[in-house]
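Summary of the model geometry
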Protein chains: 2
Amino acid sequence: MEEQALSILRDHGLSVTTVRKGILDVFLKTGQALSHSDLEGQASGQLDRVTVYRTLQAFVGKGIIHVIPTSDNSLRYALCRDACVDGHHHDRHVHFICHHCGKATCINQLDVPSVRLPRGYRMQEVSMVVHGVCPNCD
Amino acid sequence: MEEQALSILRDHGLSVTTVRKGILDVFLKTGQALSHSDLEGQASGQLDRVTVYRTLQAFVGKGIIHVIPTSDNSLRYALCRDACVDGHHHDRHVHFICHHCGKATCINQLDVPSVRLPRGYRMQEVSMVVHGVCPNCD
DNA sequence: ATGATTCTGCAACTCTGTTGCAAATTTAGT
DNA sequence: ACTAAATTTGCAACAGAGTTGCAGAATCAT
């Protein structure tokens, strides 16, 4: 686990620090998509809000995590499955958010179906988010 | 235009006020998906922030407008195309957000493709948002 | 080990969104 | 058209989310 976090940081050209390893560990342990405030609470030892913001930004920029927009206006972040090159994310899977427990999950088995946009539109990223009730809460 | 706003309000059982007609007019005129701050600026005469929030909430609740989540953490709102019953939205179309001009558009011609979730997940709402460059900015 | 670079945490600030309340407006009944 | 009840508005005050600048601490490369 510790090792995994370390190599993720190295592989993406980020310097290895306690905070970054800590935050990555939370992602690795929970396997969930987490909000900013989730992280502030869960990571061992109190984290500075500002540092969390900047760390998440760095991770997104390097393609370590991706952003999941939700209709309740609270962004979630989740580990990228495969190698995401800097800036360009290949996370074309569906995301699920449970109305009951609030947990956000990557449905890795389910890719976002491709759509054909009307003439003139150029597509860069797609996101598909399903809201509903998850297996645990049903 | 004026008439249209008025009948929308009546049809959804909301009392008719200057503010509500004004906000609806902006939606009708622009035909775009607007953020909260778009509205604060655009509506004729200065609007109180709080009133705009409450008006949008009321409209969403009554099915007059729907919410579009974006990955830059700013919700957009857009008129519902058809009759949306209270609370239950039938806006299953794809949304597009331009990275260049920032405008959000409903692609009414394009329905969100249906997906089959893994066993145990119960689906309530789906949203599909495409980020890219729109015809005007290309 | 050391200097250069990067990261962290603090303070202070802005922006976003919410709540309570009194005055103004709208609605419905007569 | 008038009035009472209900709803809406705008203000003030607040809570939370997110940003910026900077000095000290940690990390990296040599």
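Use the structure listed above.
Residues numbered from 1 in each chain as written. Chains lettered and ligands numbered in written order. Predicted model: local features only at pLDDT ≥ 70, side-chain atom pairs only at ≥ 80, totals over all residues. Heavy atoms only, no water.

**So, the pattern of salt bridges**
All told, the structure shown has 2 salt bridges over all chains when counted by the stated rule. Between A:R122 and B:D138 there is a salt bridge, and its shortest N-O distance comes to 2.8 Å. In this pair, A:R122 is assigned in strand β6 (residues 122-133) and B:D138 in the segment after β6 (122-133), connecting two distinct chains. (Salt bridge = Lys/Arg side-chain N within 4 Å of Asp/Glu carboxyl O. Helix = DSSP H or I, 4+ residues; strand = E, 2+ residues; numbered from the N terminus.)

**Brief notes about the protein's contact with DNA strand D**
Close to DNA strand D lie 17 residues; A:V16, B:T17, B:R20, B:R54 and B:N73 are nearest. Backbone atoms, meaning sugar and phosphate, make up 62% of the atoms of DNA strand D lying within 4 Å of the protein. With respect to DNA strand D, the side chain of B:N73 contributes an N or O atom lying 2.4 Å from a phosphate oxygen. Listed by contribution, the elements that provide at least two residues to the surface near DNA strand D are α4 (49-62) of chain A together with α2 (18-30) and α4 (49-62) of chain B. Residue composition of the surface near DNA strand D, by class: 5 nonpolar, 7 polar and 5 charged. (Near = heavy atom within 4 Å. Polar contact = N/O pair within 3.5 Å; in protein donor to acceptor, adjacent residues only side chain to side chain. Nonpolar A, V, L, I, M, F, W, Y, C, P; charged D, E, K, R; others polar.)

**With respect to the environment of A:H93**
Residue and element names in this part refer to chain A. By the element assignment, H93 lies in strand β4 (residues 93-98). Judged by relative accessible area, H93 falls into the buried class, the value being 2%. Distance from H93 to D111, taken between C-alpha atoms, is 4.1 Å for residues 18 residues apart in sequence. In contact with H93, not counting residues within four places along its chain, are H66, R81, C106, I107, N108, L110, D111 and V112. Polar side-chain contacts of H93 include one of 3.1 Å to the side chain of H95. (Buried < 20%, exposed > 50% of the residue type's maximum accessible area, 1.4 Å probe, protein only. Contact = heavy atoms within 4.5 Å.)

**Quick notes on the sheet that holds strand β1 (residues 34-35) of chain B**
Strand pairs in the sheet, formed through backbone hydrogen bonds, run parallel or antiparallel to each other. Residues and elements named next belong to chain B. Strand order in the open sheet formed by 3 strands is β1-β3-β2, and the pairing between neighbours is antiparallel. Here the strands that pair on one side only, and so sit at the sheet edges, are β1 and β2 (65-68). Relative to strand β3 (residues 76-79), β1 runs antiparallel, the two sharing 2 bridges. Among the inter-strand pairings, S35 is bridged to a residue of β3, identified as R76. On top of the sheet, α2 reaches β1, β2 and β3; it is set at about 80° to β3, its chief contact. With respect to the sheet, α4 is in contact with β2 and β3, its orientation differing from that of β2 by roughly 105°. (Pairing = 2+ DSSP bridges. Axes fitted to C-alpha atoms, helices over the stretch in contact; angles between N-to-C directions.)

**Some remarks on the relation of the copies chain A and chain B**
The transformation that overlays chain A on chain B combines an axial shift of 0.0 Å with a rotation of 179°, and the residual RMSD is 0.1 Å. Read as a symmetry element, the transformation amounts to a two-fold axis. For chain A, the minimum C-alpha distance to the rotation axis belongs to A:M128 and amounts to 2.2 Å. Most of the interface of chain A is mirrored in chain B: 100% of its interface residues are interface residues there too. (Least-squares fit on C-alpha atoms with pLDDT ≥ 70 in both.)

**A few points about the protein's contact with DNA strand C**
Near DNA strand C there are 17 residues, and of these A:T17, A:R20, A:R54, A:N73 and B:V16 occur at the shortest range. If you look at DNA strand C and keep only atoms within 4 Å of the protein, 62% of those are sugar or phosphate atoms. At a separation of 3.4 Å, a phosphate oxygen of DNA strand C approaches a polar side-chain atom of A:S15. Side-chain polar atom of A:T51 to a phosphate oxygen of DNA strand C: 3.3 Å apart, as the coordinates give it. Contributing elements (two or more residues each) for the surface near DNA strand C: α2 (18-30) and α4 of chain A together with α4 of chain B. Ranked by the residues each element gives to the surface near DNA strand C, the list is headed by α4(B), at 5 residues.

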